[in-house]
Amino acid sequence: MALQLRLLNKFSIKKKNIKEKSIKTILFLSAISAVIVIFSIIFFLFRDGYQIFETAGLWEFLSGTRWNPTGEPPSYGAFSLIVGTLLVTIGAMVIAIPLSIGSAIFISELAPPRIRAIIKPAIELLAGIPSVVYGFFGLIVLTTWLRISFNQPSGESWLAGSILLGIMAIPTITSVAEDAINSVPREYKEGSLALGATKWQTISKVVVPSALSGITAAVILGMGRAIGETMAVMMVCGNPTYGLIPEPITNVFAPVKTLTATLGIEMGEVASGSNHFHALFGLALILLIITLAVNIIATIILGRLKEKQMSSSKKRTCLPYKIGKKIRQTLYIIIGIIVVWMLFISTGIIVTISILIVVAAFYYLSRKISAKNIQRMAFGTIILAIVTVIIILGIIISYIVSNGAGAISWEFLTTEPTNLGRSGGIFPAIVGTFYLVAGAILIALPLGVGSAIYLTEYTREGKLTKIIRTGADLLNGTPSIVFGLFGFAFFVLYLKMGFSLLAGQITLALMILPTIIRTTEEALKSVPQSLREGSLALGATKWQTIHKVVLPPAAPGILTGAILGIGRAVGETAPIMFTAVVFSGFIPQSVFEPVNALPFHLFMLTTSIPDSKQSQAGTALVLLLLVVGIYMIAVIIRNHYKKTMKW
Amino acid sequence: MRQIVKKRNNRKLRRLLIEIIVIIILIITTFSGCIQQTQGGLKIVVIGRDSASGTREFFWEHVMGKNDFTYLLREKNSNGGIYQTIIQTPGAIGYVGFGYVDSGVKALKIDNVTASVENVLSGTYPIARNLYLFTKGNATDVAKEFIEYIQSTEGQEIVEEEGFVPLPTSQPYNSSDKLLSGDITIGGSTTVFPIVEKAKDAFKDIYQQLSITVSSTGSGAGITAVTAGTVDIAMSSRDLKSSESDKGLVKYTIASDGIAIIVNLENTYVDGLTMAQLKAIYKGDIENWKDLS
């Protein structure tokens, strides 16, 4: 009897062990999925791109200034495209950095809680606006404004691209910079205030310098986002056909062609297998390498920041501070030059010089102004920055709402498009978007949650977690058009899926995977260690603990991550453009058929169907409402969660 | 004490250096700004299609004589993109299919011939090309019927409705006692897309058992797809290239497309251009509208 019992016990323990081990293996597999994906992206881009380095020569490809793949003879020089990408990005940063750092300081240091509760989600909303909607706005409003107010022949220029990308980068930079500022220890501020410094002195001399590496990382992440943006840039930058390095280089009204725009424009019509096709994959490879480099730098900086916070501050912080100061000085100079020069273009020499004199006088006088007045002025500037951001948001949203409100009706939402989308509704596009996003989340959620569980629960911090995390970060920084190309090369051509719902779903899933991993990890980490220990002490297995104790309280956080992922997937055009979508009023019956989707429908209406103004504005508004609605749900869940969860 | 003085001197020196650099750069940028003063008249903003487009290839061969475009040619990836830019840019010139010409823009006469369907049919309007469907091997079953439908009188009416130029001759479509079912997929040129999409709807009214999917991915992608067998019919706004010609594709001409040269309504300088002037504009030899009137 006793023997039997013991055997039974042993058996069940063994069974339990097998279950535990297999779960661990499954979780491990999902954890390394991000790494596998990033490597297969690189592999497939290289597989279809390396031929161009053979036919054209690597050096000629990188240094040639003429991009004319269909000419006779063809020339494949990507240098001017790379310069175009960098110029637009630099311009975007000049616009985005002051505005977003100002906003970050305002949100974390100055705003009363009630205002913060409104402004923070409002800026995050800016991130939720789909890039096609930005492009739509930029093409019609921004370029016209630039053309008229600066008296140029055309407003499509690198300035237009920079302004649009700057606006798009604001939310990324603001939220990461705000986190960095928030993580500055309270004691620093209190110490500074106790020594008699004003609030502004504390912010400018203590808080910002100690958050500097975090802010730098924020800027770099924003930069990565801007480099990879496709749809908006494609619509407003002008795209001179052979690529163009502006002459002089500071001529902001010259049109430029970026890497992403070239891909977005030419990929659709190119004959696959031709040299032109390989050249485009070569471009994608360059783009990926640039963004990966930018993101790796950001990861390293953020990693150092964490180490610094972990270790006691015995290290001399003198050196980084000095370097930071130098960086800041050069940054100020660059910004100053560009501002002055733009001023000159818009107003003329006399006004510029008089403004410069006033500024110089102000600069020397400012030494004699009391700290309190300086504080007043500084806060005024910061508030100006945040007001600018809010006004930009207001202009974009009110433009889209006022134009689209007339087009929306019950019929518009529930009927099929007729006469090529000029009349009728957008029902198939709505359904298609729903299918695409639902499929993407069904694939990405288990993978993402699994890999987050593996990272937080099953491993110690070490080489493996570092590799996996870097993989996820790199995936996060990969431009959406690169996902599109990868999906096209791998699913559509290599696996012979053709343009299909499934190919689009998987491509989107890969794109939102890092968001889900990141947010799930955060949610799991916020569950106190004592709960796990308690459960384990009671004899529960590891999986039982995770399943019954850790996951339930982390669920709202995971849900927020999923919703953010959905929001991103709904608005994206570039990844599905080459993998899944067709422009038609047709609802797929299986995952192997193509679909229509809202952002693509809007893109096609704006670019290919004449006389469809009404439907364009209506589709833009529906897309905006959908994305905004999804983000609102995420924000509400987050706030609710913050209020109710108290340990 | 000495150290402090030294430090302060250092700092002053550095600030002086920075100020000098700033002033030098200021002067340079000021002068570079002076050079590019705008002159009178209206600068021409040259708009065209992307290098992978069939329309652009046609334009390059027949108007440019395979000469290079001006480096300032701004690319749009669609007819709609060109139209949108033309209506909001006074100095712009672009080329689009006839379907895109409406009261919002001005279509220029070429060699004194108005851009119209009649003039393309009579052969006097110089900028027109054919639109094609391709199948792998001879078309069979549904694909064959569908192509016949588009080439029929009913199909050619749709061609005209969408602003394209119909085939010179066509017979009424004969649908008597044919029972068609199954599904086909069609992909390719964005230019041909509106015709096929509309014809599909009408065709499905005759044969209700059918399922037809049309996607607009661009001529190149369409031809690739039909070669690989992922679609049944490819739409194309260009003929096969040498690299595509030995893949066993069969060509069906379904319509012609006149290409209109359009400018902004505010452009009072010209009403028509000669082919030579058009070429000079797209080559970048003529940069201002006032040089033309």
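All values reported here derive from a predicted model rather than from experimental measurement. (Residues numbered from 1 in each chain as written. Chains lettered and ligands numbered in written order. Predicted model: local features only at pLDDT ≥ 70, side-chain atom pairs only at ≥ 80, totals over all residues.)

### Here we look at the overall build of chain A
Quick reminder of the rule: Secondary structure elements follow DSSP: runs of H or I no shorter than four residues count as helices, runs of E no shorter than two count as strands, and numbering proceeds from the N terminus. For a compact globule the rule gives 2.2 Å times the number of residues to the power 0.38, and the radius of gyration it is set against comes from C-alpha atoms. Exposed residues have 12 or fewer other C-beta atoms within 10 Å of their own C-beta, buried residues have 20 or more, and residues in between are partly exposed; the C-beta atoms are placed from the backbone. A pair of residues counts as a contact when their C-beta atoms, built from backbone coordinates, are separated by no more than 7 Å.
Tallying secondary structure elements over chain A gives 26 helices and four strands in all. Here the C-alpha atoms of chain A give a radius of gyration of 26 Å, agreeing with the 26 Å that 2.2 N^0.38 yields for 647 residues. A buried classification covers 51% of the 647 residues belonging to chain A. Taking all contacts inside chain A whose residues are at least 6 apart in sequence as the whole, residues at least 24 apart take part in 79%.

### With respect to the overall build of chain B
Along its length, chain B carries nine helices and eleven strands. Across the 293 residues that make up chain B, the buried fraction comes to 46%. Considering only residue pairs separated by 6 or more positions, chain B has 75% of its internal contacts joining residues 24 or more positions apart.

### Side note on the environment of Ser 75 of chain A
Residue and element names in this part refer to chain A. Mapping Ser 75 onto the fold places it in strand S2 (residues 75-76). Using a count of 16 C-beta atoms within 10 Å as the deciding quantity, one classes Ser 75 as partly exposed. Distance in space between the C-alpha atoms of Ser 75 and Ile 335 is 36 Å, their sequence separation being 260 residues. Excluding its chain neighbours within four sequence positions, the residues that come into contact with Ser 75 are Gly 64, Arg 66 and Asn 68.

### Here we look at helix H8 (residues 219-228) of chain B
Residue and element names in this part refer to chain B. Where burial is concerned, most of H8 is hidden: eight out of the ten residues are buried. For H8, the full list of buried residues reads Ser 219, Gly 220, Ala 221, Gly 222, Ile 223, Thr 224, Ala 225 and Val 226. In this structure, the buried residues of H8 make contact with helix H2 (54-62), strand S6 (128-136), strand S7 (182-188), strand S9 (233-236) and strand S10 (249-264). Directly beyond the C-terminal end of H8, a positive phi value near 85 degrees is found at Gly 229.

### Some points on the packing of helix H21 (residues 501-525) of chain A against helix H23 (residues 542-571) of chain A
All names here are of chain A. Selection rule: The axes used here are C-alpha line fits, helices contributing only the stretch in contact, and every angle between their N-to-C directions lies in the interval 0 to 180 degrees. Each angle is binned into one of four classes, with values under 35 degrees roughly parallel, values over 145 roughly antiparallel, values of 65 to 115 roughly perpendicular, and all other values oblique. When the near helix sits turned anticlockwise from the far one by under a right angle, the crossing is termed left-handed; a clockwise turn instead gives a right-handed crossing. Each residue is assigned to one class: nonpolar for Ala, Val, Leu, Ile, Met, Phe, Trp, Tyr, Cys and Pro, charged for Asp, Glu, Lys and Arg, and polar for all the others, Gly among them.
Taken N-terminus to C-terminus, the directions of H21 and H23 make an angle of 150 degrees; their axes are 8 Å apart at the nearest point. Considering their axes alone, H21 and H23 lie roughly antiparallel with respect to each other. Judged by the sense of rotation from one axis to the other, the crossing of H21 with H23 is right-handed. Across from Leu 508, Ile 512, Thr 515, Ile 516, Thr 519, Thr 520, Glu 522, Ala 523 and Leu 524 in H21, the residues of H23 making contact are Val 550, Ala 554, Gly 557, Ile 558, Thr 560, Gly 561, Ala 562, Leu 564, Gly 565, Arg 568 and Ala 569. When the residues that make up the contact of H21 with H23 are grouped by side-chain class, the tally is eleven nonpolar, seven polar and two charged.

### A few points about the packing of helix H18 (residues 427-458) of chain A against H21 of chain A
Residues and elements named next belong to chain A. For the pair H18 and H21, the least separation of the axes is 6 Å and the interaxial angle reads 35 degrees. Between H18 and H21 lies a crossing of right-handed hand. Along the lines of polarity and charge, the residues of the contact of H18 with H21 split into 20 nonpolar, seven polar and two charged.

### Concerning the confidence of the model for chain A
Rule in force here: pLDDT is defined as a per-residue confidence score from the predictor, taking values between 0 and 100.
Chain-level statistics for chain A give a pLDDT mean of 83 and a share of 92% at 70 or above. Taking the mean pLDDT of every element in chain A, the minimum, 72, falls on helix H14 (residues 318-347) of chain A and the maximum, 90, on H18 of chain A.

### Some remarks on the interface of chain A and chain B
Taken together, the contacts link 53 residues of chain A with 58 residues of chain B. Residue contributions to the side of chain A that touches chain B peak at seven residues, all from H14 of chain A. When its residues are assigned to classes, the side of chain A that touches chain B shows 26 nonpolar, 20 polar and seven charged.

### Section: unusual backbone geometry
With a phi close to 55 degrees, Lys 496 of chain A is a non-glycine residue in the positive phi region. Along the polypeptide, Lys 496 of chain A turns up in the loop between helix H20 (480-494) and H21.

### Observations regarding helix H3 (residues 79-88) of chain B
Of all ten residues in H3 of chain B, eight are buried; the element is thus mostly enclosed. Looking only at H3 of chain B, the buried set comprises Asn 79, Gly 80, Gly 81, Ile 82, Tyr 83, Gln 84, Thr 85 and Ile 86 of chain B.

### A short note on the nonpolar core
Quick note on the threshold: As used here, a nonpolar core is made of buried Ala, Val, Leu, Ile, Met, Phe, Trp, Tyr and Cys residues. They are joined through C-beta atoms within 7 Å.
Counting residues in hydrophobic clusters, the biggest one holds 271 residues, and the most contacted among them are Val 133, Leu 164, Ala 284, Leu 485 and Leu 513 of chain A together with Ala 260 of chain B. Leave out the neighbours within four places in its chain, and Ala 260 of chain B touches Tyr 95, Val 96, Phe 98, Val 101, Ala 107 and Ala 115 of chain B.

### Looking at the environment of Met 234 of chain A
All names here are of chain A. Within the secondary structure layout, Met 234 lies in helix H11 (residues 231-236). Along the primary structure Met 234 and Leu 139 are separated by 95 residues, whereas in three dimensions their C-alpha atoms are 9.6 Å apart. Residues in contact with Met 234, not counting those within four places in the same chain, are Gly 135, Ala 261, Gly 264 and Ile 265.

### Topic: the confidence of the model for chain B
Residues and elements named next belong to chain B. Looking at chain B as a whole, the pLDDT averages 82, with 88% of positions reaching at least 70. Across chain B, the secondary-structure element scoring lowest on mean pLDDT is helix H1 (residues 2-35), at 63, and the one scoring highest is S9, at 91. Across the interface, the model reports ipTM at 0.74; the global pTM reads 0.80.

### Regarding the pairing of S6 of chain B
Residue and element names in this part refer to chain B. The cut-off we apply is this: Two strands qualify as a pair provided that DSSP identifies no fewer than 2 bridges between them.
Judged by how many residues are buried, S6 sits mostly within the fold: seven of nine residues are covered. Relative to S10, S6 runs antiparallel, the two being bridged by nine bridges. Residue Thr 135 lies in a different strand from S10, and its bridge partner there is Val 250.

### A few points about the pairing of S9 of chain B
All names here are of chain B. Burial along S9 is two-sided: the face carrying Ile 233 and Met 235 and the face carrying Ala 234 and Ser 236 are both buried. Bridge analysis of S6 against S9 gives four bridges, and the strand direction is antiparallel. When the sheet's bridge partners are listed, Tyr 132 is paired in S9 with Ser 236. Pairing geometry for S7 and S9, over three bridges, is parallel. Paired with Gly 187 across the two strands is Ala 234, which belongs to S9.

### A short note on the environment of Ala 503 of chain A
Residues and elements named next belong to chain A. The residue Ala 503 is located in helix H21 in this model. In sequence terms Ala 503 and Ile 576 are 73 residues apart; their C-alpha atoms lie 8.3 Å from each other. Setting aside anything within four residues of it in sequence, one finds Ala 503 in contact with Gly 487, Phe 491, Val 492, Met 497, Thr 579 and Ala 580.

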